[in-house]
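Examining the three-dimensional arrangement
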Amino acid sequence: MSKATERSAPLVRQADDFAVSVLEGLSRPKKSLPCRFFYDAKGSALFEDITRQPEYYPTRVEVGILTANAMQMLEGAVAETVLIEFGSGSSIKTEILLGHMPRLHAYVPVDISESALTDARDRLTARFSGLNIQVILADFSRPIELPPELAERPKLGFFPGSTIGNFVPAEATRLLRSMRETLSPRGKLIIGVDLKKDVRQLVAAYDDANGVTAAFNLNLLVRINRELDATFDLQAFRHAATYEPFEGRIEMHLVSLKDQDVWVAGRKIRFREAETIHTESAYKYTIEEFHLIAKAAGWSPLRVWKDDLSLFSVHELVAP
């Protein structure tokens, strides 16, 4: 296999995965789409805009927690550690940790968005002279194979942003178990977890007044139109965010405004008026609830940091 083919192979697999997953999800009795497909170049940019909306508290609160407690979080991280970030995106929060890790062996961002990885690598290379950045273009929800040179070194995992909340609890347990295997032996994981709170505040964070989250949600249909030769009319769908108290999660949906047929990759998909596509779940936890999931995945929870209003938490998990 040539180098050019080696570079393009992951993208081909991603394209196949996108088509198969979209058609399978839209063929279900209750239509759904995996939230990992939000993050094409436009989706990644829209998400960064979401984090700047006044209603969206998780990013600014988590940044405050990381800034105030980074030194404590990095206690015990030996020289020549490999920092692995799962779902790295823009890597903005990672800069807080990198500023306290001058002897870091390598930073390994793992993300499904090639554009996000490229932008982050260029920015971090300019800021941190000599930083060894080894990007991995992959879906972090699946097992990650590290290069042998990195696999044997001490590893610190970083999973900010409460992305763990996008997985149902059983899937979250499997993901945390997979991360433990990637980071072992004696690995540590620093992970952000959004906390349960007033429902009005939760819903507002996923349905901002400026409509940025709505645009982010609808952009998934734009991507399907572009990449799968689909015929979604964006004016015929609207964004909706609700809180499901029994599940303890926010749900994002795209709601069909009329009876309509949509063609996707040569297949006709029928929608009834008010039928929805479930595009994202965001589970919220108490600290005790999250610790139960972490323990079930084989982690030992140690310290927890949170803000004064208990909006958000950052956890230290250690592989026993």
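Residues numbered from 1 in each chain as written. Predicted model: local features only at pLDDT ≥ 70, side-chain atom pairs only at ≥ 80, totals over all residues. Heavy atoms only, no water.

For the chain, an unreviewed UniProt entry supplies the name L-histidine N(Alpha)-methyltransferase and the organism Methylocystis rosea.

With that out of the way, let us pick up the pattern of salt bridges. One pass over the structure, following the stated rule, counts 24 salt bridges. Across the salt bridge formed by Arg 142 and Asp 17, the nearest N and O atoms sit 3.5 Å from each other. Note that Arg 142 is positioned in the loop between strand S3 (136–137) and helix H6 (148–151) and Asp 17 in helix H1 (residues 3–26), a separation of 125 residues in sequence. Across the salt bridge formed by Glu 275 and Lys 31, the nearest N and O atoms sit 2.6 Å from each other. One end of the pair, Glu 275, is in the loop between strand S9 (267–271) and strand S10 (276–283); the other, Lys 31, is in the loop between H1 and helix H2 (41–50), with 244 residues separating them in the sequence. Given the relative accessible area of 8%, Glu 275 is considered buried. Judged by relative accessible area, which is 8%, Lys 31 ranks as buried. The network of salt bridges with common partners includes Asp 17, Arg 36, Asp 139 and Arg 142. (Salt bridge = Lys/Arg side-chain N within 4 Å of Asp/Glu carboxyl O. Helix = DSSP H or I, 4+ residues; strand = E, 2+ residues; numbered from the N terminus. Buried < 20%, exposed > 50% of the residue type's maximum accessible area, 1.4 Å probe, protein only.)

Let us now look at the sheet that holds S10. The 3 strands lie next to each other as S6-S7-S10, forming an open sheet whose pairing is antiparallel. Since the sheet does not close on itself, it has two edges, and those belong to strand S6 (237–244) and S10, each with one partner. Looking at each pair of strands side by side, their axes are set apart by 20° on average, direction ignored. Of the strand pairs in this sheet, S6 and strand S7 (residues 249–256) are connected by 8 bridges, and their pairing is antiparallel. Each residue of the ladder has a partner; that of Ala 240, found in S7, is His 253. Running over the sheet, helix H9 (residues 212–228) touches S6, S7 and S10 and is turned about 60° from S7. (Pairing = 2+ DSSP bridges. Axes fitted to C-alpha atoms, helices over the stretch in contact; angles between N-to-C directions. Contact = heavy atoms within 4.5 Å.)

Now for the UniProt feature "domain: Histidine-specific methyltransferase SAM-dependent" (unreviewed entry) in the chain. Here, the residues flagged by UniProt with the feature "domain: Histidine-specific methyltransferase SAM-dependent" (unreviewed entry) are residues 20–317. For the annotated span residues 20–317, helix accounts for 36% and strand for 24% of the residues, and the straight-line distance between the end C-alpha atoms is 35 Å. (UniProt positions renumbered as here; feature names shortened; annotations may be inferred.)

This next bit is on the nonpolar core. The biggest cluster of nonpolar side chains holds 61 residues, and the ones touching the most others in it are Leu 26, Ile 224, Phe 232, Phe 237, Val 264 and Ile 277. With 7 residues, H9 is the largest single contributor of residues to this core. Each residue touching Val 264, except ones within four places of it in the same chain, is listed here: Val 22, Leu 23, Leu 26, Ile 224, Leu 228, Ala 230, Phe 232 and Ile 269. Formed by 32 residues, the second largest nonpolar core is a distinct cluster that contains Ile 84, Leu 183, Ile 293 and Ala 297. (Core = buried A, V, L, I, M, F, W, Y, C linked by side-chain atoms within 4.5 Å.)

Ordered by their spatial adjacency, 7 strands build an open sheet running S3-S2-S1-S4-S5-S12-S11, and the pairing between neighbours is mixed. The open sheet has two edge strands, S3 and strand S11 (300–306), and neither has a second partner. Looking at chain direction, strand S5 (residues 188–194) and strand S12 (residues 312–318) are connected through 7 bridges and run antiparallel. By the bridge assignment for S12, Ile 191 is matched with His 315. Relative to strand S4 (residues 155–159), helix H7 (residues 169–183) is tilted by about 150°, and along the sheet it contacts strand S1 (82–86), S4 and S5.

Here we take up the packing of aromatic side chains. Across all of its chains, the model carries 15 aromatic pairs by this definition. Between Phe 140 and Phe 167, the aromatic rings sit 6.3 Å apart at their centres with planes inclined by 70°, giving edge-to-face as the arrangement. Of the two residues, Phe 140 is situated in the loop between S3 and H6 and Phe 167 in the loop between S4 and H7; the sequence distance between them amounts to 27 residues. Grouping residues by exposure puts Phe 140 and Phe 167 together as buried. Ring pairing ties together the aromatic residues Phe 38, Tyr 39, Phe 47, Tyr 56, Tyr 206 and Phe 216, which thus form one cluster. Geometry around Phe 271 places Lys 31 over its ring, the cationic atom sitting 4.9 Å from the centre. Between the NZ or CZ atom of Arg 223 and the centre of the ring of Phe 18, over which it lies, the distance is 4.2 Å. (Phe/Tyr/Trp six-rings, centres within 6.5 Å; stacked < 30°, edge-to-face > 60°. Lys NZ or Arg CZ within 6 Å of the ring centre and 35° of its normal.)

In this section: the packing of H7 against helix H10 (residues 287–296). Put simply, H7 and H10 touch, their axes get as near as 8 Å, and they point 50° apart. With respect to each other, H7 and H10 are oriented oblique. Here H7 and H10 pass one another in a crossing that is right-handed. Packed against H7, whose contacting residues are Pro 169, Ala 172, Thr 173, Leu 176 and Arg 177, the element H10 presents Phe 290, Ile 293, Ala 294 and Ala 296 at the interface. Residue classes in the contact of H7 with H10 are distributed as 7 nonpolar, 1 polar and 1 charged. (Parallel < 35°, antiparallel > 145°, perpendicular 65-115°, else oblique. Left-handed = near helix turned anticlockwise from the far one by under 90°. Nonpolar A, V, L, I, M, F, W, Y, C, P; charged D, E, K, R; others polar.)

Turning next to the pairing of S9. Of the pairings in the sheet, the one linking strand S8 (residues 260–264) to S9 comprises 5 bridges and is antiparallel in character. Within S9, the residue paired with Val 264 across the bridge is Arg 267.

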